[in-house]
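Chains, contacts and geometry: an overview
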Amino acid sequence: MPRIITVAAAQLGPIQRAEPRAAAVGRMVRLMERAHARGVQVVVFPELALTTFFPRHYHADRAEADHWFETAMPSNETAPLFDAARRFGIAFHLGYAERTPEGRHFNTAILVSPAGEVMLKYRKVHLPGHAEHDPARQVQHLEKRYFDVGDLGFPVVRAPLGGVPVNAGLMICNDRRWPEAWRVLGLQSVELVMLGYNTPSTNQDGQGFEAPHLRVFHSHLSVQAGAYQNATYAVATAKAGVEDGCELFGHSIIVNPQGEILAQATTWDDELITADCDLDRCTLGRTTIFAFDRHRRPEAYGRITGQVGAVAPPEWIAP
Ligand code: CDV
């Protein structure tokens, strides 16, 4: 039986600091309605989809940031999303800030079934930015201040999506730039990677020039390479537009296992892009050029898990 599902990236335009969760959820429900009209079975929303990208705002007292976090999922404010999933028979991916009962804080994503069950949860591993206020930056990026490093690895689950079993995996934003994250998912036979992102159009570090078009290029390059090298579909969904005065570049994409872009967002607004994914198209790559069981050489990869920073190579000395 063919395994073909229709997936959507539900890009969100900006969510300003004062915008309540209920308004963001209302926008997401409207995207779900549009997804239903287009026969979509899985909708992927962005990273931290319920609020503005709050790590750009500094709170001297970390506890003051707690109001950005969810302590229950669903909550009163997010319940309409779960209701819409039930009503339309659509699974969805949601990124949000999670505060656990023990008081830990994570940048989290979940995959929710049409019945409202959480089928898969991931907590962001690669946290970019810094932990202290940086006066040299115009815009802060305080993920290292507000979030703990994810403790769930890079998980994959075989779950029914659109009535067929699919090996689904999750990562979040900056993870897409790390081949290690993709490969850990690939080693679990992932067929559909879902990820959300909030990426500014300019590099705020100010340590050299990275043209805005290269920011989009690097994002697409990472997702396309990750999908190709691990023979998987990927849905990468952005928050886009000018949020709290900071421009996010959008350009959400859906990519096939050949690394080709099947659909791409063209606005900085709430926008739904869709693609049909024949999951059996993952087989070619994983049985030929990326047949991991035949071609991988882990004995040569020790440095990947054995060290963090790069070391200097030995110097060549003329004989
Ligand atoms: N939210 C993110 O993880 N953003 C990073 C930015 C800071 C570069 C990203 O990799 O897109």
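Up top is the structure.
Residues numbered from 1 in each chain as written. Predicted model: local features only at pLDDT ≥ 70, side-chain atom pairs only at ≥ 80, totals over all residues. Heavy atoms only, no water.

**Examining the pairing of strand S7 (residues 164–172)**
Of all 9 residues making up S7, 8 are buried, and the element is well covered by its neighbours. Pairing between strand S6 (residues 156–161) and S7: 6 bridges, direction antiparallel. Bridged to Arg158 within S7 is Asn167. Between S6 and S7, which pair antiparallel in sequence order, lie 2 residues; one of them, Gly162, sits at a positive phi of approximately 60 degrees. (Buried < 20%, exposed > 50% of the residue type's maximum accessible area, 1.4 Å probe, protein only. Helix = DSSP H or I, 4+ residues; strand = E, 2+ residues; numbered from the N terminus. Pairing = 2+ DSSP bridges.)

**What about the side chain of Glu47?**
Within the fold, Glu47 resides in the loop between strand S2 (42–44) and helix H2 (79–88). Since its relative accessible area comes to 1%, Glu47 is described here as buried. Within the structure, Glu47 has its side chain in polar contact with the side chain of Lys124 (distance 2.8 Å). Once residues lying within four places of it in the same chain are set aside, the contact partners of Glu47 are Phe53, Gly95, Asn107, Lys124, Glu143, Ile172, Cys173, Gly196, Tyr197, Asn198 and Lys239. (Polar contact = N/O pair within 3.5 Å; in protein donor to acceptor, adjacent residues only side chain to side chain. Contact = heavy atoms within 4.5 Å.)

**Some remarks on helix H1 (residues 21–37)**
Between its first and last C-alpha atoms H1 spans 24 Å; for 17 residues at 1.5 Å apiece the expected length is 24 Å, and the two agree. Next to the buried residues of H1 lie strand S1 (4–11), S2, H2, strand S3 (91–99) and strand S14 (271–278). Looking one or two places after H1, you find Gly39, whose phi comes out positive at around 75 degrees. (Expected span 1.5 Å × (residues − 1).)

**Digging into the packing of aromatic side chains**
The geometry of an aromatic ring pair is captured by two quantities: the separation of the ring centres and the angle between the planes. Per the stated rule, a full pass over the model turns up 9 aromatic pairs. Relative to Trp68, the ring of Phe54 lies with its centre 5.4 Å away and its plane at 5 degrees, an arrangement referred to as stacked. One end of the pair, Phe54, is in the loop between S2 and H2; the other, Trp68, is in the loop between S2 and H2, and 14 residues separate them in sequence. Judged by its relative accessible area of 6%, Trp68 is buried. Residues Phe82 and Phe92 carry aromatic rings whose centres are separated by 5.2 Å and whose planes lie at 90 degrees to one another, so their mutual orientation is edge-to-face. Placement of the pair is Phe82 in helix H2 and Phe92 in strand S3, with a sequence separation of 10 residues. On the accessibility criterion, Phe92 (0% relative accessible area) is buried. Through successive ring pairs, a cluster of aromatic residues spans Phe54, Trp68, Phe69, Tyr146 and Phe147. The ring centre of Phe88 lies 5.0 Å from the NZ or CZ of Arg87, which sits over that ring. (Phe/Tyr/Trp six-rings, centres within 6.5 Å; stacked < 30°, edge-to-face > 60°. Lys NZ or Arg CZ within 6 Å of the ring centre and 35° of its normal.)

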